[in-house]
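Survey of secondary and tertiary structure
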Amino acid sequence: SACSWGCDDELWSKIRAKRVLCEWAAEGEEAKARERIERLRNAPSVVAASGAIPPEVASQLAEWGCDEALWAQVKSKASLIKLAEGGLEEKARSKIEKIRAIVTQGKAGQQTRSREYRLFGALPDGYDRTPVELLITERAAAKSRKDYVKADALQK
């Protein structure tokens, strides 16, 4: 499994494209999986997600309008890090404003997000849909918080 090949729970929670690793694990492709895991461990998005950015970059982004609350909502942190490291203030400020707008729109749309899940077909007689709907809502909330370990556990 991926865990025995160097992918711990923390790294697994930060990987967005898990399917290929699961396929390689099922096929016994250990060498491919280990190589991919090592590349993922050093990927900018994973490094940034771990909070391991230089303090001067964090303070520069904060000065340009990216506070901790907004930073926590950023999915692709690597591009902002590169802009800050390159001193590209105008581009960084523009990107920060775009991110802020997306996050604001997303929060407004979160209330309707759970309504996206609809029942297709009829339920068997006597089946209580409430526990399932609660799990779906809880999983969606976990994904919104970027708690992918919990979201994955709820999916099983």
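Report on the accompanying structure. Because the structure is a prediction, the values reported are computed rather than measured. (Residues numbered from 1 in each chain as written. Predicted model: local features only at pLDDT ≥ 70, side-chain atom pairs only at ≥ 80, totals over all residues. Heavy atoms only, no water.)

**Here's the deal with the overall build of the chain**
Each helix and strand in the chain was counted, giving ten helices and zero strands. Starting at the N terminus and ending at the C terminus, the chain contains elements arranged as α-α-α-α-α-α-α-α-α-α. Relative to its 156 residues, the chain shows a buried fraction of 24%. Within the chain, contacts between residues at least 6 apart in sequence are counted, and of these 53% link residues at least 24 apart. For the chain, the exposed area adds up to about 10700 Å²; of that, 53% sits on carbon and sulfur atoms. (Helix = DSSP H or I, 4+ residues; strand = E, 2+ residues; numbered from the N terminus. Buried < 20%, exposed > 50% of the residue type's maximum accessible area, 1.4 Å probe, protein only. Contact = heavy atoms within 4.5 Å. Areas by Shrake-Rupley, 256 points an atom, 1.4 Å probe, with all protein chains shown as cover.)

**Focus on the pattern of salt bridges**
In the structure shown here, the tally under the stated rule is five salt bridges. Notably, a salt bridge pairs arginine 34 with glutamate 30, separated by 2.8 Å at the nearest N-O pair. Here arginine 34 pairs with glutamate 30, and both are found in helix H3 (residues 30-41), just four residues apart, close to one helical turn. (Salt bridge = Lys/Arg side-chain N within 4 Å of Asp/Glu carboxyl O.)

**Focus: the packing of helix H2 (residues 19-27) against H3**
With their axes 9 Å apart at the nearest point, H2 and H3 run at an angle of 155 degrees to one another. Classified by the angle their axes make, H2 and H3 are roughly antiparallel. Judged by the twist between their axes, the crossing of H2 over H3 is left-handed. Taking contact as the criterion, the partners of Val20, Leu21 and Trp24 in H2 are, on H3, Lys32, Ala33, Arg36, Ile37 and Leu40. (Axes fitted to C-alpha atoms, helices over the stretch in contact; angles between N-to-C directions. Parallel < 35°, antiparallel > 145°, perpendicular 65-115°, else oblique. Left-handed = near helix turned anticlockwise from the far one by under 90°.)

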